[in-house]
Amino acid sequence: MYYQIREGFPKIDFKYLDPGILTLGVILLEELEACYNQFGFSDSTLMECRYNTQHIQGNFDSYHDYVFGIIFGLNKQHILKVQDKIAVYIKKNLLLIVIIEDTNNSFINKTKELMKRIKIENITLERLTFGFLERLISDEYLLLEQIETEISNHEDRINDRDLDKNFNSQITEIRKNLLLLDNYYQQLMDVGEELQENGADIFTEDNLNFFRVFTDRVFRLSNNTRMLQDYCVHVREAYHARLEYDLNKIMKLFTVVTTIFLPLTLIVGWYGMNFTAMPELTWKFGYLFVIVLSIIVAIICILFFRKKHFL
Amino acid sequence: MYYQIREGFPKIDFKYLDPGILTLGVILLEELEACYNQFGFSDSTLMECRYNTQHIQGNFDSYHDYVFGIIFGLNKQHILKVQDKIAVYIKKNLLLIVIIEDTNNSFINKTKELMKRIKIENITLERLTFGFLERLISDEYLLLEQIETEISNHEDRINDRDLDKNFNSQITEIRKNLLLLDNYYQQLMDVGEELQENGADIFTEDNLNFFRVFTDRVFRLSNNTRMLQDYCVHVREAYHARLEYDLNKIMKLFTVVTTIFLPLTLIVGWYGMNFTAMPELTWKFGYLFVIVLSIIVAIICILFFRKKHFL
Amino acid sequence: MYYQIREGFPKIDFKYLDPGILTLGVILLEELEACYNQFGFSDSTLMECRYNTQHIQGNFDSYHDYVFGIIFGLNKQHILKVQDKIAVYIKKNLLLIVIIEDTNNSFINKTKELMKRIKIENITLERLTFGFLERLISDEYLLLEQIETEISNHEDRINDRDLDKNFNSQITEIRKNLLLLDNYYQQLMDVGEELQENGADIFTEDNLNFFRVFTDRVFRLSNNTRMLQDYCVHVREAYHARLEYDLNKIMKLFTVVTTIFLPLTLIVGWYGMNFTAMPELTWKFGYLFVIVLSIIVAIICILFFRKKHFL
Amino acid sequence: MYYQIREGFPKIDFKYLDPGILTLGVILLEELEACYNQFGFSDSTLMECRYNTQHIQGNFDSYHDYVFGIIFGLNKQHILKVQDKIAVYIKKNLLLIVIIEDTNNSFINKTKELMKRIKIENITLERLTFGFLERLISDEYLLLEQIETEISNHEDRINDRDLDKNFNSQITEIRKNLLLLDNYYQQLMDVGEELQENGADIFTEDNLNFFRVFTDRVFRLSNNTRMLQDYCVHVREAYHARLEYDLNKIMKLFTVVTTIFLPLTLIVGWYGMNFTAMPELTWKFGYLFVIVLSIIVAIICILFFRKKHFL
Amino acid sequence: MYYQIREGFPKIDFKYLDPGILTLGVILLEELEACYNQFGFSDSTLMECRYNTQHIQGNFDSYHDYVFGIIFGLNKQHILKVQDKIAVYIKKNLLLIVIIEDTNNSFINKTKELMKRIKIENITLERLTFGFLERLISDEYLLLEQIETEISNHEDRINDRDLDKNFNSQITEIRKNLLLLDNYYQQLMDVGEELQENGADIFTEDNLNFFRVFTDRVFRLSNNTRMLQDYCVHVREAYHARLEYDLNKIMKLFTVVTTIFLPLTLIVGWYGMNFTAMPELTWKFGYLFVIVLSIIVAIICILFFRKKHFL
Ligand SMILES: [Mg+2]
Ligand SMILES: [Mg+2]
Ligand SMILES: [Mg+2]
Ligand SMILES: [Mg+2]
Ligand SMILES: [Mg+2]
Ligand SMILES: [Mg+2]
Ligand SMILES: [Mg+2]
Ligand SMILES: [Mg+2]
Ligand SMILES: [Mg+2]
Ligand SMILES: [Mg+2]
Ligand SMILES: [Mg+2]
Ligand SMILES: [Mg+2]
Ligand SMILES: [Mg+2]
Ligand SMILES: [Mg+2]
Ligand SMILES: [Mg+2]
Ligand SMILES: [Mg+2]
Ligand SMILES: [Mg+2]
Ligand SMILES: [Mg+2]
Ligand SMILES: [Mg+2]
Ligand SMILES: [Mg+2]
Ligand SMILES: [Mg+2]
Ligand SMILES: [Mg+2]
Ligand SMILES: [Mg+2]
Ligand SMILES: [Mg+2]
Ligand SMILES: [Mg+2]
Ligand SMILES: [Mg+2]
Ligand SMILES: [Mg+2]
Ligand SMILES: [Mg+2]
Ligand SMILES: [Mg+2]
Ligand SMILES: [Mg+2]
Ligand SMILES: [Mg+2]
């Protein structure tokens, strides 16, 4: 569908497009195939739209009198697969969004949000494009904040008594997502930079700072993603150190227990021997002696480990 | 063999080459030696073709009126050795592929695929070259997806009961392959960038975006390879953490078992002593007392470790 | 409030601003909304001021006849959240600071400090701007020195007998703060570089070295932050090695204790057997023999471990 | 000695040098001191030749009408010390190699090899220089292949039963060598790039691709060195994981052994107690009962560890 | 003091400075404050001299007709604190060194060394400046060689029987020093590069290669520092692996000892039971049987661990 960006957003047919009126097109790949020639779009752009790859990293390029690019959406289940894919054509008075794949209508919804927010009085091609791009990242800071809270929760759990067995696979999951997010922002930064260069000469120089603002925002998102990646590494290293610290504590406890009981067991074994002539066995204070000896041995062991800071 | 890129793809001999008709040459190194002078190719290019190295990293360069370069194929058994090697000469109306080494005919097959896919109506030197390059990476996304699945399977196996002894050498193998793949893509990106620059001035400016599309695709491949490298590091670190977590669990179990049995063994050893005067031994409730004492000691130990979260 | 930078710093109202006299404005976001049009500031700058993000990474840009930028303050509790936010507009004879958010009045106080330090005789727009920026980093070296002392204290504690359980989470906390600080300095370096470029042509070329001095100082701060980050990594690795060294020591002690007592326990168990015919039991020197045997076994064990450097 | 590069390679004296005939000079530092003035070489170049440092990282620079540089050879015993050192002067029709230090005549031999391989019919200054440089790296691929085989052998040994005690110091040795090699190649790449720039304007533009070919080859060497460095890191990490895996296996075995014997030892200790009234001791089936009990306990332990996948 | 660089190095007073004669000034900060105006040095340079920071990272910049910069000396006790600080002004025929802080007179001594080495016959401003800078790094290679020997000694000690407890904190100390040294060289490289650019146009183009030589030397120092840093990482990792290897060896020994003695202890405990009817106890060959049984069990254990390569 093509919408003229004026009062009431009238829908018009491709055939009646007025190049003098700013228009927003949201069409399917099939519709593009029918009309890309009339718009003067290159063969190779259509080829890129059709090229059936499931991997992220879009790209924007300036052509003679239009800008063309692909934007991929995120699919958090698979690092290399992508959920959604759109193509974007921008030429004088036209922003054309080609929906190639759009599970759960995420791109369609962003387009609808865009149209609700348009202020017709001062709309320009640059504002319209910026508005669309800005919709794409509108929820990202919230997402990053959620991820930060998640990592921070993991960090707090390191000092809990019971380390969750899944701690580690959860951190790996988060790191995987951050890798993916970073890739997604790299893609959008390329988009912003390409538009800023205005290679197709379709934007007014004075309005290029809209794209600068967009690039800056995505850059900050990307930067925050990297900081979260580093934070993840810190948390993983802290988890590792906790495990090693615990192991030392366990082995100290174990050594103490064993070292106290081994000599006592030797003593009681000693007086369990069946030699016919063991004076202590028939000595009046023999039993008392072995009780006192055991207590002294136990106390010496405990004092030794106290000194060694094992207890 | 030389094929004129027109209806029927007629094979022609080197002597009857028509510089006005787009031609694809697929020849052996021996054939090149006989004819490189007539084409006006430099001595140093032939030297490069003959130079007998078994290591990856090709290079493309623009000369006066032609582009020359070497492309190496992958050999997954050895990081530094290469399986296949071709040279490519591109000049006006000629794409010349010199097969230098080609085990299992991989390059020859790619050339055949290329010829099947040519659409004669709109073929140009740029489209032909792009078509050839595009064949070289046609299976790479599939390969990367396989590798991702492989790494992901390894990740899932970390939480299995039985850690495979070969887990680690398998991950090392994958990382080695990714290093190799990344090198291979770096090589192809250099090719794409050299062609984009059009230093020999043999391409039409308008058609240069074919090479841009190629470079972009290889860049995305390389980027995905790096993401997979990072993913490998995460999985290896998770494996490491699993081992450490397990060790802690084992040592806790061990400490519990030992700490329960050591005092009990001391008690039974105690009443195995042969002192003539041990009142408990002849006491009416002596045996009952030692049974109760053992149960109490065992319960105290268990409660202690419960509190310490060892059980 | 607007202050004319001359004797007495007279406050004047926005309406009576004299573009011929150097003026410092410190206003709230609401006040900006009322007057940004008269100053000729762009819509998109106001939008940036209002844009409600809680994340660091400001940016400065040169517009037609003014410079605009956002500076975020630090919030050490949350990596991605920011405590304070100001906007800065610089045009001929005007430094306008817009306080957007300013918990505990940190920015307001820095502005007051600035005005106390102004020397009216040689003040220029460049000196005023430099003075303001220089206030922003005035306490940073002290902060870095505190952090260095803190890390150094942690390093010294590694060789203490008792490793603190919280050692690790404290180091993670410091590393988190350093990540944050580095981000903060990156932001300020961007500010300094933008001003140095003088894209809006509002500064005298001769005075640009004030901004060079500022950028250099922030660069050094950033450099020191990274050195401290590396120092943290070294300390963490040393802590890790200490834990492993200790574990080895513990296990050596444990092995020694066990290996001495196990054979002795076997010997005394041996002569605790109830066979009717055990010649040693009734032998005259039987008991003496077992005493001597035990001492010899113990000595052999100790000598063995001495040789193995376990003791 | 100076050799005119024509039939028979006539040696000539410095005094009879013909600037119109391509000449290769191979002289000692003392000889240079006598003649550098006549050649018009700068003071500072001689100073560099004499400067007595034992550390790698040469440098090439273009002067008014000549190129001057230092090349250091490798000394694998010490990272920072160098075995050999030559200076190279290149001017119109002259390649002058100054042997400053040359243990085991490695540089002298490379010069002799060079002269054997010269084809007089098409020799130029560029070919001569390239020939000399190419000699310097002629054995490097072989060396890298040897190192790769060495690392690969280490990797295979990780899965051997007996981990060599020296495994680790051997890997450290290899990594040290790779650091050194990388430095050596960086030096040669700088040489190639400086010659490619032709700053002294002594080479024909058409022949500059000889230096491009050289730089590309060294770049590939350097790249392979880095890949081997990464490979080393992977092998070291695999070795580390093997140690940890083994430790877990050992501790599992140990826990199983201890947990089976501890209850059995308790049981036999139990019936070794000397209480006057222990009904089991005189029970008809007492001995049979304790045999069966022991077998049951052992079986339960084994089944428990089977279920826990310890066996 | 100001010294005219001619026969006898006559000291002259500031007032009688002859701008036509090359002069070396070595003055204190107080003296600078009195005269910087007459030299035409900017306010901001004096401000930089006075700015009381204790942190490394100097900077050099070209002004209208002079070069100004700060150089910090090293203080190995504190990463962020600096021991010494000088300012350097260079203008036509004047090298002015301002001693701001100079514990143990290190800078003063370097200036004296410089004057001893001046050869008056061919002295120029460039040679004088180079001579001064070259003095600053004259002992650095020796220092790096000492550090390399130190690291190498640490590496050798890894294979010693007794790992020093302080091994780790010593390596951390070295790494801290290398971080510091690298920072110091970065600072000097900036100095060399600034002088090479000759932004103040006070040097003869022909003499700029003195600064190139200086920059190259410092670059090599920096490079060697980084190689030593990497070497440190290798040594630390080797130390870590040694600890883990030892732990495995200890645990193997321990497991062997325990596994041999536990069954033997069970056997002797078994025949220590007091059942009235234990046929073996009264059997003629009972004692012989238990001796043989014990030897067989011990041999089986030893053979088992031999096969498992624990012994
Ligand atoms: Mg990062
Ligand atoms: Mg990462
Ligand atoms: Mg970081
Ligand atoms: Mg980082
Ligand atoms: Mg990182
Ligand atoms: Mg980190
Ligand atoms: Mg680590
Ligand atoms: Mg990466
Ligand atoms: Mg890697
Ligand atoms: Mg990454
Ligand atoms: Mg990385
Ligand atoms: Mg990583
Ligand atoms: Mg790691
Ligand atoms: Mg760093
Ligand atoms: Mg970091
Ligand atoms: Mg670093
Ligand atoms: Mg680092
Ligand atoms: Mg480090
Ligand atoms: Mg690397
Ligand atoms: Mg790598
Ligand atoms: Mg790696
Ligand atoms: Mg890498
Ligand atoms: Mg790496
Ligand atoms: Mg560092
Ligand atoms: Mg490095
Ligand atoms: Mg480092
Ligand atoms: Mg390195
Ligand atoms: Mg390293
Ligand atoms: Mg390395
Ligand atoms: Mg490195
Ligand atoms: Mg490491």
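Residues numbered from 1 in each chain as written. Chains lettered and ligands numbered in written order. Predicted model: local features only at pLDDT ≥ 70, side-chain atom pairs only at ≥ 80, totals over all residues. Heavy atoms only, no water.

K.L.:
Would you mind going over the overall build of chain A in detail, with residue names and values included?
P.N.:
When helices and strands are counted, chain A shows 9 helices and 7 strands. Principal axes of the C-alpha set define a box for chain A whose edges measure 120 × 35 × 30 Å. Counting the 311 residues in chain A, one finds 61% classified as buried. For chain A, restricting intrachain contacts to residue pairs at least 6 apart in sequence, the fraction spanning at least 24 positions comes to 62%. Distance from the positive charge centre (33 side chains) to the negative charge centre (42 side chains) of chain A: 9 Å. (Helix = DSSP H or I, 4+ residues; strand = E, 2+ residues; numbered from the N terminus. Buried < 20%, exposed > 50% of the residue type's maximum accessible area, 1.4 Å probe, protein only. Contact = heavy atoms within 4.5 Å. Lys, Arg positive; Asp, Glu negative; His and termini not counted. Charge placed at Lys NZ, Arg CZ, Asp CG, Glu CD.)

K.L.:
I'd like a description of the arrangement of the chains, backed by residues and values.
P.N.:
With no contact between them, chain A and chain D keep their nearest C-alpha atoms 9 Å apart. Nothing in chain B touches chain E; the tightest C-alpha to C-alpha distance between them is still 9 Å.

K.L.:
Give me the lowdown on the domain arrangement of chain A, citing residues and values where you can.
P.N.:
According to the domain assignment, chain A contains domain 1 (2–244) and domain 2 (246–307). Centre-to-centre, using C-alpha coordinates, domain 1 of chain A lies 73 Å away from domain 2 of chain A. (Domains from an automatic or database assignment.)

K.L.:
Could you give an account of a positive patch on the surface, naming the residues involved and the relevant values?
P.N.:
Residues Lys 165 of chain A, Lys 249 of chain B together with Lys 307 and Lys 308 of chain D make up a contiguous surface patch of positive charge. Positionally, Lys 165 of chain A belongs in the loop between helix 5 (140–158) and helix 6 (167–197). (Patch = residues over 30% accessible without salt bridge, like charges linked within 9 Å, V, L, I, M, F, W, Y side chains within 5 Å. Areas by Shrake-Rupley, 256 points an atom, 1.4 Å probe, with all protein chains shown as cover. Salt bridge = Lys/Arg side-chain N within 4 Å of Asp/Glu carboxyl O.)

K.L.:
Let's hear about the sheet that holds strand 4 (residues 59–62) of chain D: which residues, and what values?
P.N.:
Residue and element names in this part refer to chain D. Ordered in space as 2-1-3-7-6-5-4, the 7 strands form an open sheet in which the pairing is mixed. Two strands close off the open sheet at either side, each with one partner strand: strand 2 (11–12) and strand 4. Looking at chain direction, strand 6 (residues 85–91) and strand 7 (residues 94–101) are connected through 7 bridges and run antiparallel. Note on strand 7: the bridge partner recorded for Val 88 is Ile 97. Contacts from helix 6 (residues 167–197) reach strand 4, strand 5 (66–72) and strand 6 within the one sheet, and its direction differs from that of strand 5 by about 170 degrees. (Pairing = 2+ DSSP bridges. Axes fitted to C-alpha atoms, helices over the stretch in contact; angles between N-to-C directions.)

K.L.:
Describe the pattern of salt bridges, and please don't skip the residues or the numbers.
P.N.:
The final tally for this structure, using the stated rule, is 50 salt bridges over all chains. Glu 155 of chain E serves as the salt-bridge partner of Lys 176 of chain D, at 3.6 Å between the closest nitrogen and oxygen. A residue pair is termed interchain when its members come from two chains, as with Lys 176 of chain D in helix 6 and Glu 155 of chain E in helix 5 (residues 140–158). A salt bridge links Asp 246 of chain E to Arg 242 of chain E; the shortest N-O distance between them is 2.9 Å. Taken together, the residues Asp 246 of chain E and Arg 242 of chain E, both in helix 7 (residues 209–270) and 4 residues apart, mark about one turn of the helix. The exposure class of Asp 246 of chain E is buried, given its relative accessible area of 12%.

K.L.:
Tell me about the relation of the copies chain A and chain B, residues and numbers included.
P.N.:
Superposing chain A onto chain B requires a rotation of 72 degrees together with a translation of 0.1 Å along the rotation axis, leaving an RMSD of 0.1 Å. Both copies are brought into coincidence by an operation consistent with a five-fold rotation axis. When C-alpha distances to the rotation axis are compared across chain A, the minimum falls at Gly 272 of chain A, with a value of 4.7 Å. (Least-squares fit on C-alpha atoms with pLDDT ≥ 70 in both.)

K.L.:
A description of the relation of the copies chain A and chain C should follow, citing residues and the corresponding values.
P.N.:
Expressed as a screw transformation, the operator carrying chain A onto chain C has a rotation angle of 72 degrees and an axial translation of 0.0 Å, and the superposed copies differ by an RMSD of 0.1 Å. An overlap of only 19% is found between the interface residues of chain A and their copies at the interface of chain C, pointing to separate contact surfaces.

K.L.:
Tell me about the side chain of His 154 of chain B, and name the residues and values.
P.N.:
Residues and elements named next belong to chain B. Tracing the sequence through the fold places His 154 in helix 5 (residues 140–158). Separated by 2.9 Å, the side chain of His 154 and the backbone oxygen of Glu 150 make a polar contact. Aside from chain neighbours lying at most four places away, what touches His 154 is Phe 167, Gln 170, Ile 171, Ile 174 and Val 235. (Polar contact = N/O pair within 3.5 Å; in protein donor to acceptor, adjacent residues only side chain to side chain.)

K.L.:
Kindly report on the interface of chain A and chain B, identifying the contributing residues and their values.
P.N.:
Each side of the interface is counted separately: chain A has 61 residues, and chain B has 59 residues. Approximately 5600 Å² of surface area, both sides summed, lies buried where chain A meets chain B, with 62% of it carried by carbon and sulfur atoms. Counting the contacts that link chain A with chain B gives 15 residue pairs in polar contact (both at pLDDT 80 or more). Where the side of chain A that touches chain B is concerned, the elements lending two or more residues are helix 2 (43–50), strand 4 (59–62), helix 6, helix 7 (209–270), helix 8 (279–282) and helix 9 (286–307) of chain A. Per-element accounting of the side of chain A that touches chain B gives the leading share, 17 residues, to helix 7 of chain A. Here the side of chain A that touches chain B is composed, by residue class, of 26 nonpolar, 21 polar and 14 charged. (Buried area = accessible area lost by both parts, 1.4 Å probe. Nonpolar A, V, L, I, M, F, W, Y, C, P; charged D, E, K, R; others polar.)

K.L.:
Describe the sheet that holds strand 2 (residues 11–12) of chain C, with residues and values.
P.N.:
Residues and elements named next belong to chain C. One open sheet accounts for 7 strands, arranged 2-1-3-7-6-5-4; its pairing is mixed. With partners counted over all chains shown, the strands left at the sheet margins are strand 2 and strand 4 (59–62), one partner each. Where helix 3 (residues 106–117) meets the sheet, its contacts fall on strand 1 (2–4), strand 3 (23–28), strand 5 (66–72), strand 6 (85–91) and strand 7 (94–101), and the angle it forms with strand 3 comes to roughly 165 degrees.

K.L.:
Got a sec to walk through the pairing of strand 6 (residues 85–91) of chain E? Specific residues and values, please.
P.N.:
On any regular strand, side chains alternate: one points to one face of the sheet, the next to the other face. All names here are of chain E. Counting buried positions along strand 6 gives 7 out of 7 residues, so the element sits mostly inside the fold. Where burial is concerned, the two faces of strand 6 agree: the one with Lys 85, Ala 87, Tyr 89 and Lys 91 and the one with Ile 86, Val 88 and Ile 90 are both buried. Counting the residues between successive antiparallel strands, the hairpin from strand 6 to strand 7 (residues 94–101) contains 2 residues, one of them, Asn 93, with a positive phi of roughly 60 degrees.

K.L.:
So what about a nonpolar patch on the surface? Which residues, and what values?
P.N.:
Residue and element names in this part refer to chain A. On the surface, a cluster of nonpolar side chains totalling about 670 Å² of accessible area is made up of Trp 283, Phe 285, Leu 288, Phe 289, Val 292, Ile 296 and Ile 300. Take Trp 283: it is sitting in the loop between helix 8 and helix 9. Accessibility expressed as a relative area gives 45% for Trp 283, which makes it partly exposed.

K.L.:
Lay out helix 1 (residues 29–39) of chain E in plain terms, naming residues and giving numbers.
P.N.:
Residues and elements named next belong to chain E. Taken residue by residue, helix 1 has Leu 29, Leu 32, Cys 35, Tyr 36 and Phe 39 as its buried positions. Considered in projection along helix 1, the buried side chains sweep an arc of 135 degrees and stay on one side of the axis. Of the exposed residues in helix 1, the ones pointing more than 90 degrees away from its buried face are Glu 30, Ala 34, Asn 37 and Gln 38. Buried residues along helix 1 sit against strand 1 (2–4), strand 3 (23–28), helix 2 (43–50), strand 6 and strand 7. Where helix 1 terminates, the next one or two residues include Gly 40, which has phi positive at roughly 85 degrees. (Arc of directions from axis to C-beta.)

K.L.:
Describe the environment of Ile 174 of chain D, and please don't skip the residues or the numbers.
P.N.:
Residues and elements named next belong to chain D. In this structure, Ile 174 sits in helix 6. Residue classification places Ile 174 among the buried positions, given a relative accessible area of 4%. Beyond its immediate stretch of four places on either side in the chain, Ile 174 contacts Ile 147, Glu 150, Ile 151, His 154 and Cys 232.

K.L.:
If you had to explain the pairing of strand 6 of chain D to someone new, which residues and values would you point to?
P.N.:
In this sheet, strand 6 of chain D lies alongside strand 5 of chain D in antiparallel orientation, the contact comprising 7 bridges. In the strand pairing of strand 6 of chain D, Phe 72 of chain D is matched with Lys 85 of chain D.

K.L.:
I'd like to hear about the UniProt feature "transmembrane region" (unreviewed entry) in chain A, residue by residue, with values.
P.N.:
All names here are of chain A. The UniProt record annotates "transmembrane region" (unreviewed entry) at residues 253–273 and 285–305. For the annotated span residues 253–273, helix accounts for 86% and strand for 0% of the residues, and the straight-line distance between the end C-alpha atoms is 31 Å. Between the end C-alpha atoms of residues 285–305 there is a gap of 30 Å, over a span that is 95% helix and 0% strand. (UniProt positions renumbered as here; feature names shortened; annotations may be inferred.)

K.L.:
Describe the interface of chain A and chain C, and please don't skip the residues or the numbers.
P.N.:
Each partner contributes to the interface: chain A provides 59 residues, whereas chain C provides 61 residues. At the boundary of chain A with chain C, total buried surface from both sides reaches about 5600 Å², with 62% on carbon and sulfur atoms. Interface area lost by chain A to chain C is led by Met 227, Tyr 245 and Phe 275 of chain A, which between them contribute 13%. Along the contact surface separating chain A from chain C lie 15 residue pairs in polar contact (both at pLDDT 80 or more). When contributions to the side of chain A that touches chain C are tallied by element, the ones reaching two or more residues are helix 4 (125–136), helix 5, helix 7, helix 8 and helix 9 of chain A. Element by element, the count of residues in the side of chain A that touches chain C is highest for helix 7 of chain A, at 34 residues. Here the residues of the side of chain A that touches chain C sort into 27 nonpolar, 16 polar and 16 charged.

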